[in-house]
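# Working through the structure, step by step
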Amino acid sequence: MKVLEAEFVRGFIRMANDGWEQGWHERNGGNLSYRMKKEEVASVAEALDTNGPWQEIGTTVPKLAGEYFLVTGSGKFFRNVKEQPEDSLCIIQLDEKGEKYRICWGLTGGGRPTSELPSHLMNHEVKLEVTGGKHRVIYHAHTTNVIALTFVLPLKDEVFTRELWEMATECPVVFPDGIGVVGWMVPGGRDIAVATSQLMKKYDVAIWAHHGMFCSGEDFDQTFGLMHTVEKSAEILVKTRSMRPDKLQTITPQNFRDLAVDFHVELPERFLYEK
Ligand code: 13P
Ligand code: ZN
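This text gives an overview of the structure that appears in the document. (Residues numbered from 1 in each chain as written. Chains lettered and ligands numbered in written order. Predicted model: local features only at pLDDT ≥ 70, side-chain atom pairs only at ≥ 80, totals over all residues. Heavy atoms only, no water.)

## What to know about the sheet that holds strand 7 (residues 180-182)
Basically, it comes down to this: Whether two strands pair comes down to DSSP finding at least two bridges between them. Helical segments are the DSSP runs of H or I of at least four residues, strand segments are the runs of E of at least two, and each set is numbered from the N terminus. Here, two residues are considered to be in contact whenever any of their heavy atoms come within 4.5 Å of each other. All axes are obtained by fitting lines to C-alpha atoms, using only the stretch in contact for helices, and the reported angles, taken between N-to-C directions, cover 0 to 180 degrees.
Here nine strands make up an open sheet; going across it, the order is 2-5-4-3-1-6-9-8-7 and the pairing mixed. Looking along the sheet, the strands with just one partner apiece sit at the ends: strand 2 (55-56) and strand 7. Judged from the five bridges that link them, strand 6 (residues 137-141) and strand 9 (residues 212-217) form a sheet pairing that is antiparallel. From the neighbouring strand, tyrosine 139 faces strand 9, where its bridge partner is cysteine 215. Across the face of the sheet, helix 5 (residues 117-130) comes into contact with strand 1 (31-35), strand 3 (68-72), strand 4 (89-94), strand 5 (100-106), strand 6, strand 8 (205-208) and strand 9 while running at roughly 40° to strand 1.

## Looking at helix 5
Structurally, the α-helix is built with 3.6 residues per turn, so residues lying three or four positions apart point the same way. Under the convention used in this document: Helices are assigned an expected span. That span is 1.5 Å times one less than the residue count. To sort residues, take the accessible area from a 1.4 Å probe on protein chains only and compare it with the maximum for the residue type: under 20% means buried, over 50% means exposed, and anything in between is partly exposed.
Between its terminal C-alpha atoms helix 5 stretches 20 Å, which fits the 20 Å expected from 14 residues at 1.5 Å a residue. Most of helix 5 sits inside the fold, with 12 of its 14 residues counted as buried. Within helix 5, the full set of buried residues consists of Leu117, Pro118, Ser119, His120, Leu121, Met122, Asn123, His124, Glu125, Val126, Lys127 and Leu128.

## Focus on the state of the cysteines
Our working rule: Cysteine sulfur atoms are paired as a disulfide whenever they come within 2.5 Å of each other.
By the definition in use, this model includes zero disulfides. For cysteine 104, which is in no disulfide, the shortest distance to another cysteine sulfur is to cysteine 90 and amounts to 9.0 Å. What makes cysteine 104 buried here is its relative accessible area of 4%. For the unlinked cysteine cysteine 171, the closest cysteine sulfur is that of cysteine 215, found at 12 Å. Overall, cysteine 171 belongs to the buried group, its relative accessible area being 2%.

## What about the nonpolar core?
Test applied: Here, nonpolar core means buried Ala, Val, Leu, Ile, Met, Phe, Trp, Tyr and Cys residues that are tied together by side-chain atoms lying within 4.5 Å of each other.
Among the nonpolar cores identified, the biggest contains 66 residues, and Leu70, Ile91, Tyr139, Leu164 and Val230 are the most heavily contacted of them. In terms of nonpolar packing, the next biggest core, distinct from the first, is built from 16 residues, Leu64, Ile92, Leu94 and Leu107 among them.

Read these as spatial facts, not as claims about activity.
This is the structure we're talking about:
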């Protein structure tokens, strides 16, 4: 099968374009990666070139040895993914130690996978382990309202989780484990990848202060939906704070406990502190 005919590739392109239409991907902002299933690799095997040179990932991910990923290219614009997928995306394979990758398809105009490849792969490695292989999608977007909040809220997991939960009743059901926050760090390297992947052991969402967000999920729908829900909640918080600094009423800790019972989710008590 041709790569562009495969269902997982069509789903990837649709998600990238949805993110562009949301306004989360100015210029080359953001990146997306998908850990391919064995049968998906087999279905496009004839289109893959497995003779390219091995290149350093910049970190080691031994549990992902030999895995294949569909990834956005570094410096490529999400705006172009739908029109020029072969140039905007690539399929990479990891070596048997999880130290190097090689490009097997795509990036027809040249280039390399996203500069955030260390963060994507370290997040994939953690999620492979903690979800028993269910999670396959890692998504990084420059979500406007979440970024705005990182200038005015304390950069604490408890504060971001609680404030965003309060903004929409469904939020604690969509991300019951909460949200992690990484203080400002230089992007693109191993250090920020380590910090983010530590948070991904506990959460499906990690915020990078003054930069954006990472989400992890089982498939494109779940992962896009998670990013969308958190960012919409942040938009409501920005709006309420713009109208007045305090809230006249909100969802209370006891309201959350009641919700948890009916919706069969566990909400950690550390997010339900008295203010
Ligand atoms: P890339 O173009 O290398 O994917 O980088 C974009 C980005 O958002 C960096 O954090
Ligand atoms: Zn970024």
